[in-house]
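Chains, contacts and geometry: an overview
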Amino acid sequence: MRSCERLLDDVVPDLIRDRWPNKCDFRQRSRAKPGMTKDTMHSTPPPRTYRVKSFGCQMNVYDGERMAELLAQQGIAPAPEGEEADLVVLNTCHIREKAAEKVYSDIGRLRREDGTAPLIAVAGCVAQAEGEEIMTRAPSVSMVVGPQAYHRLPAMIADAVEGRRSVDTDMPTETKFDVLPARRKVGPSAFLTVQEGCDKFCTYCVVPYTRGAEISRPFNDLVEEAKRLVDAGAREITLLGQNVNAWRDAGGRGLERLIEALAAIPALARIRYTTSHPNDMTDGLIAAHRDIEKLMPFLHLPVQAGNDRVLKAMNRSHTTASYLAILDKVRAARPDIALSGDFIVGFPGETDAEFEDTLKLVEQVGYAQCFSFKYSARPGTPAATMDGQVPLDVMDERLQRLQTTLNVSQIAFNRASIGKRCVVLVERRGKHEGQWLGKSPWLQSVHFTGEVAIGDLVEVELVEAGPNSLSGQLV
Ligand code: SAH
Ligand code: SF4
Ligand code: F3S
(Lines give C-alpha, C1' and ligand atoms only; values in the text may rest on other atoms or scores of the structure.)
(Ligands and ions follow the chains in the order given, each with its own letter.)
Protein backbone atom coordinates (compact mmCIF):
# COMPACT_ATOMS: atom_id res chain seq x y z
CA MET A 1 0.00 0.00 0.00
CA ARG A 2 1.39 3.37 -0.99
CA SER A 3 -0.02 5.84 1.44
CA CYS A 4 0.78 7.76 4.52
CA GLU A 5 -1.44 5.35 6.44
CA ARG A 6 1.28 2.82 5.66
CA LEU A 7 3.82 5.30 6.85
CA LEU A 8 1.90 5.94 10.03
CA ASP A 9 0.73 2.47 10.92
CA ASP A 10 3.29 0.01 9.62
CA VAL A 11 6.64 1.56 9.12
CA VAL A 12 7.52 4.05 11.79
CA PRO A 13 4.38 4.88 13.72
CA ASP A 14 5.73 6.45 16.87
CA LEU A 15 8.61 8.03 15.06
CA ILE A 16 6.33 10.12 12.88
CA ARG A 17 3.81 11.03 15.52
CA ASP A 18 6.61 12.12 17.84
CA ARG A 19 8.45 13.97 15.17
CA TRP A 20 5.59 15.89 13.64
CA PRO A 21 3.54 16.70 16.70
CA ASN A 22 0.87 18.78 14.98
CA LYS A 23 2.38 20.69 12.08
CA CYS A 24 2.08 17.85 9.62
CA ASP A 25 -0.51 15.27 10.52
CA PHE A 26 -0.39 13.08 7.47
CA ARG A 27 -3.37 11.02 8.48
CA GLN A 28 -5.43 14.17 8.39
CA ARG A 29 -3.75 15.49 5.28
CA SER A 30 -4.27 12.28 3.42
CA ARG A 31 -8.00 12.71 3.77
CA ALA A 32 -7.96 15.71 1.45
CA LYS A 33 -9.74 14.71 -1.73
CA PRO A 34 -9.31 15.94 -5.27
CA GLY A 35 -11.53 18.84 -6.00
CA MET A 36 -12.21 19.32 -2.31
CA THR A 37 -13.69 22.78 -2.21
CA LYS A 38 -12.32 25.28 0.22
CA ASP A 39 -13.92 28.49 -0.85
CA THR A 40 -14.78 30.15 -4.07
CA MET A 41 -13.13 32.63 -6.42
CA HIS A 42 -14.41 34.16 -9.64
CA SER A 43 -15.00 31.74 -12.48
CA THR A 44 -12.53 32.12 -15.30
CA PRO A 45 -12.20 30.92 -18.92
CA PRO A 46 -10.44 27.53 -19.30
CA PRO A 47 -6.67 28.08 -19.56
CA ARG A 48 -5.22 27.85 -23.05
CA THR A 49 -1.57 28.15 -22.06
CA TYR A 50 0.55 26.97 -19.12
CA ARG A 51 3.97 27.46 -17.59
CA VAL A 52 5.51 25.03 -15.07
CA LYS A 53 8.32 26.39 -12.89
CA SER A 54 10.22 23.74 -10.96
CA PHE A 55 12.49 24.37 -7.97
CA GLY A 56 14.54 22.02 -5.79
CA CYS A 57 15.84 18.62 -6.75
CA GLN A 58 15.89 16.70 -10.01
CA MET A 59 12.85 14.73 -8.90
CA ASN A 60 10.91 17.99 -9.03
CA VAL A 61 12.28 18.61 -12.51
CA TYR A 62 11.00 15.17 -13.55
CA ASP A 63 7.59 15.83 -11.92
CA GLY A 64 7.48 19.21 -13.68
CA GLU A 65 8.00 17.53 -17.05
CA ARG A 66 5.27 15.00 -16.31
CA MET A 67 2.86 17.77 -15.27
CA ALA A 68 3.64 19.64 -18.49
CA GLU A 69 2.86 16.52 -20.52
CA LEU A 70 -0.40 16.07 -18.60
CA LEU A 71 -1.45 19.66 -19.28
CA ALA A 72 -0.55 19.27 -22.96
CA GLN A 73 -2.75 16.18 -23.07
CA GLN A 74 -5.61 18.38 -21.83
CA GLY A 75 -5.12 20.65 -24.84
CA ILE A 76 -3.30 23.35 -22.88
CA ALA A 77 -0.20 24.61 -24.73
CA PRO A 78 3.09 25.83 -23.29
CA ALA A 79 3.06 29.65 -23.10
CA PRO A 80 5.34 31.22 -25.71
CA GLU A 81 8.60 32.64 -24.33
CA GLY A 82 8.06 36.08 -22.80
CA GLU A 83 4.26 35.79 -22.77
CA GLU A 84 2.12 35.41 -19.69
CA ALA A 85 0.56 31.97 -19.21
CA ASP A 86 -3.14 31.47 -18.34
CA LEU A 87 -2.09 28.79 -15.83
CA VAL A 88 1.11 28.84 -13.77
CA VAL A 89 2.25 25.79 -11.82
CA LEU A 90 4.83 26.55 -9.13
CA ASN A 91 6.50 23.22 -8.39
CA THR A 92 8.08 24.00 -5.03
CA CYS A 93 10.82 22.80 -2.68
CA HIS A 94 10.63 22.73 1.13
CA ILE A 95 14.15 21.58 1.96
CA ARG A 96 15.43 24.86 3.41
CA GLU A 97 13.56 27.89 4.72
CA LYS A 98 14.62 30.16 1.86
CA ALA A 99 13.41 27.69 -0.74
CA ALA A 100 10.07 27.29 1.03
CA GLU A 101 9.46 31.03 1.47
CA LYS A 102 10.30 31.72 -2.17
CA VAL A 103 6.93 30.44 -3.27
CA TYR A 104 5.15 33.39 -1.63
CA SER A 105 7.27 36.01 -3.37
CA ASP A 106 6.79 34.14 -6.66
CA ILE A 107 3.02 34.17 -6.16
CA GLY A 108 3.19 37.91 -5.45
CA ARG A 109 5.09 38.53 -8.68
CA LEU A 110 2.35 36.85 -10.72
CA ARG A 111 -0.13 39.54 -9.73
CA ARG A 112 -0.98 41.86 -12.63
CA GLU A 113 -1.21 45.64 -12.39
CA ASP A 114 -5.02 45.50 -12.31
CA GLY A 115 -4.86 43.20 -9.27
CA THR A 116 -5.85 40.03 -11.15
CA ALA A 117 -3.59 36.99 -11.61
CA PRO A 118 -3.40 33.90 -13.83
CA LEU A 119 -4.70 30.60 -12.49
CA ILE A 120 -2.07 29.51 -9.96
CA ALA A 121 -1.36 25.96 -8.82
CA VAL A 122 1.18 25.33 -6.07
CA ALA A 123 2.65 21.84 -6.42
CA GLY A 124 5.67 20.04 -4.95
CA CYS A 125 6.97 19.74 -1.42
CA VAL A 126 5.75 23.09 -0.02
CA ALA A 127 2.27 22.11 -1.20
CA GLN A 128 2.58 18.80 0.65
CA ALA A 129 3.96 20.29 3.86
CA GLU A 130 1.84 23.43 4.12
CA GLY A 131 -1.37 22.39 2.31
CA GLU A 132 -4.23 24.63 3.28
CA GLU A 133 -1.95 27.16 4.94
CA ILE A 134 -1.02 28.24 1.41
CA MET A 135 -4.67 28.91 0.61
CA THR A 136 -4.92 31.16 3.65
CA ARG A 137 -1.66 32.99 3.06
CA ALA A 138 -2.09 33.38 -0.69
CA PRO A 139 -5.69 34.10 -1.76
CA SER A 140 -4.72 34.19 -5.45
CA VAL A 141 -3.80 30.49 -5.42
CA SER A 142 -6.59 28.24 -6.71
CA MET A 143 -4.94 24.80 -6.48
CA VAL A 144 -2.55 23.18 -4.00
CA VAL A 145 -1.40 19.73 -5.07
CA GLY A 146 1.16 17.41 -3.47
CA PRO A 147 3.87 15.42 -5.31
CA GLN A 148 1.86 12.18 -5.19
CA ALA A 149 -1.41 13.68 -6.39
CA TYR A 150 -0.55 15.83 -9.40
CA HIS A 151 -2.13 13.39 -11.84
CA ARG A 152 -5.40 14.80 -10.53
CA LEU A 153 -4.61 18.31 -11.78
CA PRO A 154 -7.14 18.19 -14.68
CA ALA A 155 -10.06 17.80 -12.22
CA MET A 156 -8.65 20.57 -10.06
CA ILE A 157 -8.32 22.87 -13.06
CA ALA A 158 -11.96 22.17 -13.98
CA ASP A 159 -12.92 23.20 -10.44
CA ALA A 160 -10.75 26.30 -10.61
CA VAL A 161 -12.38 27.37 -13.88
CA GLU A 162 -15.72 27.30 -12.09
CA GLY A 163 -14.26 29.36 -9.26
CA ARG A 164 -13.69 26.57 -6.73
CA ARG A 165 -10.35 26.34 -4.92
CA SER A 166 -9.00 22.89 -4.05
CA VAL A 167 -6.29 21.22 -2.00
CA ASP A 168 -5.09 17.69 -2.70
CA THR A 169 -2.21 16.46 -0.58
CA ASP A 170 -3.39 12.88 -0.69
CA MET A 171 -0.88 10.05 -1.04
CA PRO A 172 -3.20 7.74 -2.95
CA THR A 173 -2.81 4.01 -3.36
CA GLU A 174 -3.21 4.31 -7.13
CA THR A 175 0.03 5.74 -8.39
CA LYS A 176 0.30 8.77 -10.60
CA PHE A 177 2.63 6.79 -12.86
CA ASP A 178 -0.24 4.51 -13.93
CA VAL A 179 -2.34 7.36 -15.26
CA LEU A 180 0.11 9.95 -16.57
CA PRO A 181 0.43 10.22 -20.36
CA ALA A 182 3.36 8.44 -22.03
CA ARG A 183 6.60 10.35 -22.64
CA ARG A 184 6.84 11.86 -26.14
CA LYS A 185 9.71 14.27 -26.59
CA VAL A 186 12.75 14.69 -24.39
CA GLY A 187 16.29 16.06 -24.69
CA PRO A 188 19.39 13.86 -25.08
CA SER A 189 19.74 13.56 -21.31
CA ALA A 190 16.51 12.53 -19.60
CA PHE A 191 15.39 11.83 -16.04
CA LEU A 192 13.48 8.76 -14.96
CA THR A 193 12.11 8.57 -11.41
CA VAL A 194 12.43 4.96 -10.25
CA GLN A 195 12.05 5.39 -6.50
CA GLU A 196 10.30 7.93 -4.31
CA GLY A 197 10.19 8.79 -0.65
CA CYS A 198 12.46 8.22 2.28
CA ASP A 199 12.36 6.09 5.44
CA LYS A 200 15.66 7.36 6.82
CA PHE A 201 14.48 10.28 8.95
CA CYS A 202 17.65 12.30 9.20
CA THR A 203 16.81 14.65 12.04
CA TYR A 204 17.16 17.83 9.95
CA CYS A 205 15.21 16.77 6.88
CA VAL A 206 11.63 17.26 5.64
CA VAL A 207 11.74 14.79 2.76
CA PRO A 208 10.24 11.78 4.60
CA TYR A 209 7.25 13.99 5.40
CA THR A 210 6.84 15.69 2.04
CA ARG A 211 7.46 12.63 -0.14
CA GLY A 212 6.25 9.86 2.15
CA ALA A 213 7.62 6.35 2.64
CA GLU A 214 10.11 4.71 0.27
CA ILE A 215 8.48 3.04 -2.71
CA SER A 216 10.00 1.50 -5.81
CA ARG A 217 8.30 1.58 -9.20
CA PRO A 218 7.89 -1.85 -10.87
CA PHE A 219 10.78 -3.17 -12.99
CA ASN A 220 8.78 -3.65 -16.21
CA ASP A 221 7.18 -0.20 -16.04
CA LEU A 222 10.61 1.33 -15.77
CA VAL A 223 12.10 -0.61 -18.66
CA GLU A 224 9.05 0.40 -20.70
CA GLU A 225 9.39 4.10 -19.77
CA ALA A 226 13.13 3.99 -20.50
CA LYS A 227 12.44 2.60 -23.98
CA ARG A 228 9.93 5.38 -24.60
CA LEU A 229 12.46 7.97 -23.45
CA VAL A 230 15.01 6.54 -25.87
CA ASP A 231 12.41 6.53 -28.68
CA ALA A 232 11.68 10.16 -27.76
CA GLY A 233 15.34 11.14 -28.19
CA ALA A 234 17.20 10.30 -24.95
CA ARG A 235 20.77 9.01 -25.26
CA GLU A 236 21.40 9.22 -21.52
CA ILE A 237 19.02 8.39 -18.68
CA THR A 238 19.54 9.44 -15.07
CA LEU A 239 17.60 7.24 -12.69
CA LEU A 240 16.17 9.33 -9.88
CA GLY A 241 15.05 8.70 -6.33
CA GLN A 242 15.27 10.46 -2.99
CA ASN A 243 17.20 7.29 -2.11
CA VAL A 244 17.62 5.84 -5.55
CA ASN A 245 19.88 3.00 -4.46
CA ALA A 246 17.15 1.76 -2.12
CA TRP A 247 15.24 0.72 -5.27
CA ARG A 248 14.13 -2.93 -5.05
CA ASP A 249 11.54 -4.74 -7.09
CA ALA A 250 8.96 -7.11 -5.63
CA GLY A 251 11.29 -10.05 -6.30
CA GLY A 252 14.13 -8.40 -4.38
CA ARG A 253 16.21 -7.35 -7.39
CA GLY A 254 18.41 -4.34 -6.65
CA LEU A 255 19.17 -1.25 -8.73
CA GLU A 256 22.09 -2.95 -10.52
CA ARG A 257 19.64 -5.39 -12.16
CA LEU A 258 17.54 -2.51 -13.43
CA ILE A 259 20.67 -0.75 -14.74
CA GLU A 260 21.68 -3.98 -16.46
CA ALA A 261 18.28 -4.24 -18.17
CA LEU A 262 18.43 -0.61 -19.34
CA ALA A 263 21.98 -1.10 -20.61
CA ALA A 264 20.53 -3.67 -23.02
CA ILE A 265 18.53 -0.94 -24.83
CA PRO A 266 20.72 -0.49 -27.94
CA ALA A 267 20.25 3.25 -28.56
CA LEU A 268 20.76 4.16 -24.90
CA ALA A 269 24.40 5.14 -24.46
CA ARG A 270 24.67 6.25 -20.85
CA ILE A 271 23.09 5.54 -17.48
CA ARG A 272 23.46 7.51 -14.26
CA TYR A 273 21.63 7.46 -10.93
CA THR A 274 21.13 9.90 -8.07
CA THR A 275 20.80 10.42 -5.05
CA SER A 276 22.25 7.51 -3.14
CA HIS A 277 22.40 6.84 0.58
CA PRO A 278 25.53 5.16 2.01
CA ASN A 279 23.42 2.51 3.78
CA ASP A 280 21.99 1.26 0.49
CA MET A 281 25.30 1.15 -1.39
CA THR A 282 25.37 -2.63 -1.90
CA ASP A 283 28.26 -4.70 -3.23
CA GLY A 284 26.05 -5.58 -6.23
CA LEU A 285 25.62 -1.93 -7.16
CA ILE A 286 29.31 -1.24 -6.63
CA ALA A 287 30.16 -4.16 -8.92
CA ALA A 288 27.89 -2.67 -11.60
CA HIS A 289 30.37 0.22 -11.83
CA ARG A 290 32.99 -2.33 -12.84
CA ASP A 291 30.82 -4.50 -15.07
CA ILE A 292 28.39 -2.26 -16.92
CA GLU A 293 30.12 -0.07 -19.45
CA LYS A 294 27.13 2.21 -19.99
CA LEU A 295 27.02 3.07 -16.28
CA MET A 296 28.94 6.34 -16.07
CA PRO A 297 31.85 6.72 -13.63
CA PHE A 298 30.13 9.15 -11.29
CA LEU A 299 28.68 8.67 -7.81
CA HIS A 300 26.78 11.22 -5.75
CA LEU A 301 26.97 9.84 -2.23
CA PRO A 302 26.20 12.49 0.41
CA VAL A 303 27.96 12.16 3.76
CA GLN A 304 26.68 15.46 5.28
CA ALA A 305 29.44 15.83 7.90
CA GLY A 306 32.87 14.47 8.77
CA ASN A 307 32.37 13.94 12.48
CA ASP A 308 30.77 10.84 14.00
CA ARG A 309 29.04 12.58 16.90
CA VAL A 310 27.39 14.98 14.46
CA LEU A 311 26.46 12.13 12.10
CA LYS A 312 24.82 10.30 14.99
CA ALA A 313 22.87 13.42 16.02
CA MET A 314 21.79 13.72 12.38
CA ASN A 315 20.56 10.09 12.53
CA ARG A 316 22.65 9.31 9.46
CA SER A 317 23.32 5.70 10.54
CA HIS A 318 26.77 5.65 8.93
CA THR A 319 30.10 6.77 10.33
CA THR A 320 32.93 8.52 8.55
CA ALA A 321 34.84 5.22 8.58
CA SER A 322 31.98 3.21 7.07
CA TYR A 323 31.50 5.93 4.43
CA LEU A 324 35.19 5.92 3.52
CA ALA A 325 35.17 2.12 3.36
CA ILE A 326 32.37 2.30 0.75
CA LEU A 327 34.37 4.79 -1.30
CA ASP A 328 37.38 2.46 -1.17
CA LYS A 329 35.27 -0.36 -2.59
CA VAL A 330 33.80 1.89 -5.26
CA ARG A 331 37.25 3.06 -6.32
CA ALA A 332 38.50 -0.51 -6.42
CA ALA A 333 35.61 -1.36 -8.78
CA ARG A 334 35.96 1.76 -10.93
CA PRO A 335 39.28 3.56 -10.35
CA ASP A 336 38.39 6.66 -12.37
CA ILE A 337 35.07 7.27 -10.58
CA ALA A 338 34.19 10.93 -9.90
CA LEU A 339 32.78 11.41 -6.41
CA SER A 340 30.23 13.93 -5.27
CA GLY A 341 28.43 14.68 -2.03
CA ASP A 342 26.25 16.98 0.04
CA PHE A 343 27.31 18.74 3.23
CA ILE A 344 25.50 20.62 5.96
CA VAL A 345 27.43 23.09 8.13
CA GLY A 346 26.20 24.36 11.49
CA PHE A 347 24.04 21.41 12.47
CA PRO A 348 22.85 22.10 16.07
CA GLY A 349 25.68 21.52 18.52
CA GLU A 350 28.42 21.34 15.84
CA THR A 351 31.62 22.68 17.43
CA ASP A 352 34.54 24.29 15.62
CA ALA A 353 36.59 21.11 16.05
CA GLU A 354 33.75 18.97 14.67
CA PHE A 355 33.46 21.25 11.66
CA GLU A 356 37.22 20.91 11.09
CA ASP A 357 36.63 17.15 10.79
CA THR A 358 34.39 17.87 7.78
CA LEU A 359 37.22 19.81 6.10
CA LYS A 360 39.61 16.93 6.76
CA LEU A 361 37.19 14.44 5.23
CA VAL A 362 36.82 16.61 2.11
CA GLU A 363 40.60 16.78 1.73
CA GLN A 364 40.88 13.04 2.19
CA VAL A 365 38.18 12.09 -0.36
CA GLY A 366 39.10 14.45 -3.21
CA TYR A 367 35.59 15.17 -4.49
CA ALA A 368 34.93 16.07 -8.12
CA GLN A 369 31.98 18.28 -7.17
CA CYS A 370 29.75 18.87 -4.15
CA PHE A 371 26.78 20.75 -2.76
CA SER A 372 27.08 22.44 0.61
CA PHE A 373 24.45 24.16 2.70
CA LYS A 374 23.97 26.06 5.91
CA TYR A 375 21.75 24.11 8.27
CA SER A 376 18.18 25.39 8.07
CA ALA A 377 15.79 24.57 10.91
CA ARG A 378 12.64 23.04 9.45
CA PRO A 379 9.45 23.20 11.49
CA GLY A 380 8.53 19.90 13.14
CA THR A 381 11.85 18.13 12.52
CA PRO A 382 13.72 16.90 15.63
CA ALA A 383 16.82 19.01 14.95
CA ALA A 384 14.80 22.23 14.94
CA THR A 385 14.35 22.04 18.71
CA MET A 386 17.80 20.63 19.58
CA ASP A 387 20.06 22.60 21.91
CA GLY A 388 23.04 24.45 20.49
CA GLN A 389 21.53 26.09 17.40
CA VAL A 390 24.54 27.62 15.66
CA PRO A 391 24.49 31.41 15.03
CA LEU A 392 24.18 32.53 11.42
CA ASP A 393 27.56 34.30 11.31
CA VAL A 394 29.31 31.12 12.44
CA MET A 395 27.47 29.12 9.77
CA ASP A 396 28.38 31.73 7.14
CA GLU A 397 32.05 31.47 8.02
CA ARG A 398 32.01 27.66 8.06
CA LEU A 399 30.23 27.50 4.73
CA GLN A 400 32.76 29.82 3.17
CA ARG A 401 35.68 27.75 4.44
CA LEU A 402 34.06 24.51 3.32
CA GLN A 403 33.30 25.88 -0.14
CA THR A 404 36.88 27.10 -0.52
CA THR A 405 38.14 23.62 0.35
CA LEU A 406 35.61 22.00 -2.01
CA ASN A 407 36.64 24.36 -4.81
CA VAL A 408 40.29 23.37 -4.41
CA SER A 409 39.25 19.74 -4.68
CA GLN A 410 37.04 20.36 -7.72
CA ILE A 411 39.71 22.35 -9.58
CA ALA A 412 42.27 19.64 -8.83
CA PHE A 413 39.90 17.01 -10.22
CA ASN A 414 39.25 19.05 -13.38
CA ARG A 415 42.95 19.83 -13.89
CA ALA A 416 43.80 16.14 -13.63
CA SER A 417 41.48 15.61 -16.64
CA ILE A 418 43.54 17.85 -18.94
CA GLY A 419 45.02 15.81 -21.75
CA LYS A 420 42.42 13.04 -21.44
CA ARG A 421 40.28 12.04 -24.39
CA CYS A 422 36.68 11.24 -23.61
CA VAL A 423 33.23 10.98 -25.14
CA VAL A 424 31.01 14.01 -24.64
CA LEU A 425 27.23 13.92 -25.01
CA VAL A 426 26.25 17.15 -26.77
CA GLU A 427 23.37 18.72 -24.84
CA ARG A 428 22.98 22.29 -26.11
CA ARG A 429 24.55 25.31 -27.77
CA GLY A 430 26.99 27.37 -25.72
CA LYS A 431 26.96 31.13 -25.11
CA HIS A 432 29.41 31.92 -27.89
CA GLU A 433 28.94 31.60 -31.65
CA GLY A 434 29.65 28.04 -32.80
CA GLN A 435 30.12 26.77 -29.25
CA TRP A 436 28.54 23.56 -27.92
CA LEU A 437 28.06 22.27 -24.39
CA GLY A 438 28.00 18.69 -23.24
CA LYS A 439 28.95 16.38 -20.39
CA SER A 440 31.99 14.19 -19.95
CA PRO A 441 31.52 10.70 -18.46
CA TRP A 442 32.52 12.26 -15.10
CA LEU A 443 29.65 14.77 -15.34
CA GLN A 444 31.94 17.71 -16.06
CA SER A 445 30.55 20.42 -18.34
CA VAL A 446 32.67 20.56 -21.47
CA HIS A 447 32.50 23.31 -24.11
CA PHE A 448 34.00 23.08 -27.57
CA THR A 449 33.40 24.17 -31.16
CA GLY A 450 32.88 22.11 -34.31
CA GLU A 451 30.34 20.52 -36.62
CA VAL A 452 28.11 18.53 -34.28
CA ALA A 453 24.42 18.26 -33.39
CA ILE A 454 22.52 18.02 -30.12
CA GLY A 455 22.39 14.37 -29.01
CA ASP A 456 25.69 13.43 -30.70
CA LEU A 457 28.30 11.50 -28.74
CA VAL A 458 31.63 12.93 -29.84
CA GLU A 459 35.22 12.32 -28.88
CA VAL A 460 36.88 15.35 -27.34
CA GLU A 461 40.33 16.06 -25.95
CA LEU A 462 40.14 18.07 -22.72
CA VAL A 463 42.54 21.01 -23.01
CA GLU A 464 41.75 23.55 -20.31
CA ALA A 465 40.12 23.37 -16.87
CA GLY A 466 38.22 25.86 -14.72
CA PRO A 467 36.41 25.15 -11.44
CA ASN A 468 33.05 24.50 -13.10
CA SER A 469 33.81 23.52 -16.67
CA LEU A 470 36.46 22.37 -19.13
CA SER A 471 37.19 23.31 -22.68
CA GLY A 472 37.83 20.62 -25.22
CA GLN A 473 38.78 20.07 -28.84
CA LEU A 474 36.96 17.70 -31.14
CA VAL A 475 39.21 14.80 -32.02
N1 SAH B 1 18.29 11.85 0.05
C2 SAH B 1 19.46 12.56 -0.18
C3 SAH B 1 19.34 14.08 -0.21
C4 SAH B 1 18.05 14.78 -0.11
S5 SAH B 1 17.98 16.50 0.21
C6 SAH B 1 20.48 12.15 0.87
O7 SAH B 1 20.15 11.76 1.94
O8 SAH B 1 21.63 12.28 0.62
C9 SAH B 1 19.42 17.19 -0.51
C10 SAH B 1 20.37 17.76 0.46
O11 SAH B 1 19.82 18.89 1.12
C12 SAH B 1 20.77 16.85 1.59
O13 SAH B 1 21.73 15.93 1.20
C14 SAH B 1 21.28 17.81 2.61
O15 SAH B 1 22.66 18.08 2.43
C16 SAH B 1 20.49 19.08 2.33
N17 SAH B 1 19.51 19.35 3.38
C18 SAH B 1 18.45 18.60 3.73
N19 SAH B 1 17.81 19.17 4.76
C20 SAH B 1 18.48 20.30 5.09
C21 SAH B 1 18.32 21.30 6.08
N22 SAH B 1 17.34 21.25 6.96
N23 SAH B 1 19.20 22.32 6.12
C24 SAH B 1 20.22 22.39 5.21
N25 SAH B 1 20.42 21.46 4.26
C26 SAH B 1 19.57 20.42 4.19
FE1 SF4 C 1 16.53 13.56 3.88
FE2 SF4 C 1 18.19 12.10 2.47
FE3 SF4 C 1 18.12 11.86 5.09
FE4 SF4 C 1 16.11 10.97 3.62
S5 SF4 C 1 18.22 10.20 3.63
S6 SF4 C 1 15.92 12.09 5.51
S7 SF4 C 1 16.05 12.48 2.02
S8 SF4 C 1 18.74 13.68 3.91
FE1 F3S D 1 13.04 19.92 -2.27
FE2 F3S D 1 11.17 18.12 -2.15
FE3 F3S D 1 13.28 17.70 -3.66
S4 F3S D 1 11.88 19.34 -0.48
S5 F3S D 1 14.87 18.79 -2.57
S6 F3S D 1 11.77 19.28 -3.96
S7 F3S D 1 12.21 16.19 -2.48
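Since the structure is predicted, the reported quantities are computational estimates derived from the model, not experimental observations. (Residues numbered from 1 in each chain as written. Chains lettered and ligands numbered in written order. Predicted model: local features only at pLDDT ≥ 70, side-chain atom pairs only at ≥ 80, totals over all residues. Heavy atoms only, no water.)

Take the sheet that holds strand E12 (residues 270-274) next. Spatially, three strands are ordered E8-E11-E12 in an open sheet, and the strand pairing comes out parallel. The sheet terminates laterally at strand E8 (189-193) and E12, the two strands that pair on one side only. Averaged over all neighbouring strand pairs, the angle between strand axes comes to 25°, with direction disregarded. The strands touched by helix H11 (residues 219-231) within the sheet are E8 and strand E11 (236-240), with E8 carrying the most contacts at an inclination of about 160°. (Pairing = 2+ DSSP bridges. Helix = DSSP H or I, 4+ residues; strand = E, 2+ residues; numbered from the N terminus. Axes fitted to C-alpha atoms, helices over the stretch in contact; angles between N-to-C directions. Contact = heavy atoms within 4.5 Å.)

All right, on to the packing of aromatic side chains then. Using the criterion set out here, one finds five aromatic pairs in the structure. Ring plane angle 75° and centroid distance 5.7 Å describe the contact between Phe347 and Tyr375, whose orientation is recorded as edge-to-face. Highlighted residues: Phe347 in the loop between strand E14 (338-345) and helix H16 (352-365) and Tyr375 in the loop between strand E15 (369-374) and helix H17 (392-415), separated in sequence by 28 residues. Comparing Phe347 with Tyr375, the two get one shared label, buried. Through a chain of ring-to-ring contacts, the aromatic side chains of Tyr204, Phe347 and Tyr375 assemble into a single cluster. The residue whose ring lies beneath Arg137 is Tyr104, and the NZ or CZ to ring-centre distance is 3.6 Å. (Phe/Tyr/Trp six-rings, centres within 6.5 Å; stacked < 30°, edge-to-face > 60°. Buried < 20%, exposed > 50% of the residue type's maximum accessible area, 1.4 Å probe, protein only. Lys NZ or Arg CZ within 6 Å of the ring centre and 35° of its normal.)

Think of an α-helix as 3.6 residues a turn; residues three or four steps apart then line up on the same face. Taken together, the buried positions of helix H13 (residues 283-291) are occupied by Leu285, Ile286, Ala287, Ala288 and His289. Where H13 is buried, its residues meet helix H12 (255-263), E12, strand E13 (298-300) and helix H15 (320-333).

On to the pairing of E15. Two elements, E14 and E15, share six bridges in a ladder whose sense is parallel. Residue pairing in the sheet places Val345 in a bridge with Lys374 of E15. In this fold, the crossover linking E14 to E15 by way of H16 has right-handed handedness. (Right-handed = clockwise from strand over helix to strand, strands pointing away.)

This part is about the packing of H15 against H16. Axis separation between H15 and H16 bottoms out at 12 Å; the angle between their running directions is 10°. Classified by the angle their axes make, H15 and H16 are roughly parallel. In this structure, H15 uses Thr320, Leu324, Leu327 and Arg331 to contact H16, whose residues at the interface are Leu361, Gln364 and Val365. (Parallel < 35°, antiparallel > 145°, perpendicular 65-115°, else oblique.)

Right, let's talk about the domain arrangement of the chain for a bit. Each assigned domain of the chain is listed with its residue range as follows: domain 1 (22-168), domain 2 (176-416) and domain 3 (421-474). Each of domain 1 and domain 3 has a C-alpha centre, and these two points are 37 Å apart. (Domains from an automatic or database assignment.)

Here we take up the side chain of Asn60. Following the sequence through the fold, Asn60 ends up in helix H4 (residues 58-73). The exposure class of Asn60 is buried, given its relative accessible area of 1%. Among the polar contacts listed, one links the side chain of Asn60 to the side chain of Arg211, at a separation of 2.5 Å. Not counting residues up to four positions away in its chain, the partners in contact with Asn60 are Ser54, Phe55, Asn91, Thr92, Cys93, Gly124 and Arg211. (Polar contact = N/O pair within 3.5 Å; in protein donor to acceptor, adjacent residues only side chain to side chain.)

Here we come to the pairing of strand E5 (residues 119-123). Most of E5 sits inside the fold, with five of its five residues counted as buried. Side-chain alternation along E5 places Leu119, Ala121 and Ala123 on one buried face and Ile120 and Val122 on a second face that is also buried. Bridge analysis of E5 against strand E6 (residues 143-145) gives three bridges, and the strand direction is parallel. Each residue of the ladder has a partner; that of Val122, found in E6, is Val144.

Attention now moves to the site of ligand 2. Close to ligand 2 lie Cys198, Lys200, Phe201, Cys202, Tyr204, Cys205, Val207, Pro208, Asn243, His277 and Arg316. Class assignment of the residues belonging to the shell around ligand 2 gives a composition of seven nonpolar, two polar and two charged. (Near = heavy atom within 4 Å. Nonpolar A, V, L, I, M, F, W, Y, C, P; charged D, E, K, R; others polar.)

As summarised here, the arrangement of the five strands in space is E16-E17-E18-E20-E19, forming a closed barrel in which the pairing is mixed. Between one strand axis and the next, the sheet turns by 55° as a mean value, whatever way the strands run.

Below, the discussion takes up unusual backbone geometry. Cis geometry is adopted by the peptide bond preceding Thr275, which originates at Thr274 and carries an omega value of 0°. Mapped onto the elements of the fold, Thr275 is located in the loop between E12 and H13. At Ser317, a residue that is not glycine, the phi angle is positive and equals roughly 55°. Assignment of secondary structure puts Ser317 in the loop between helix H14 (308-313) and H15. Here Leu443, not a glycine, exhibits a phi torsion of approximately 65°, which is positive. Topologically, Leu443 is positioned in the loop between strand E17 (435-439) and strand E18 (445-449).

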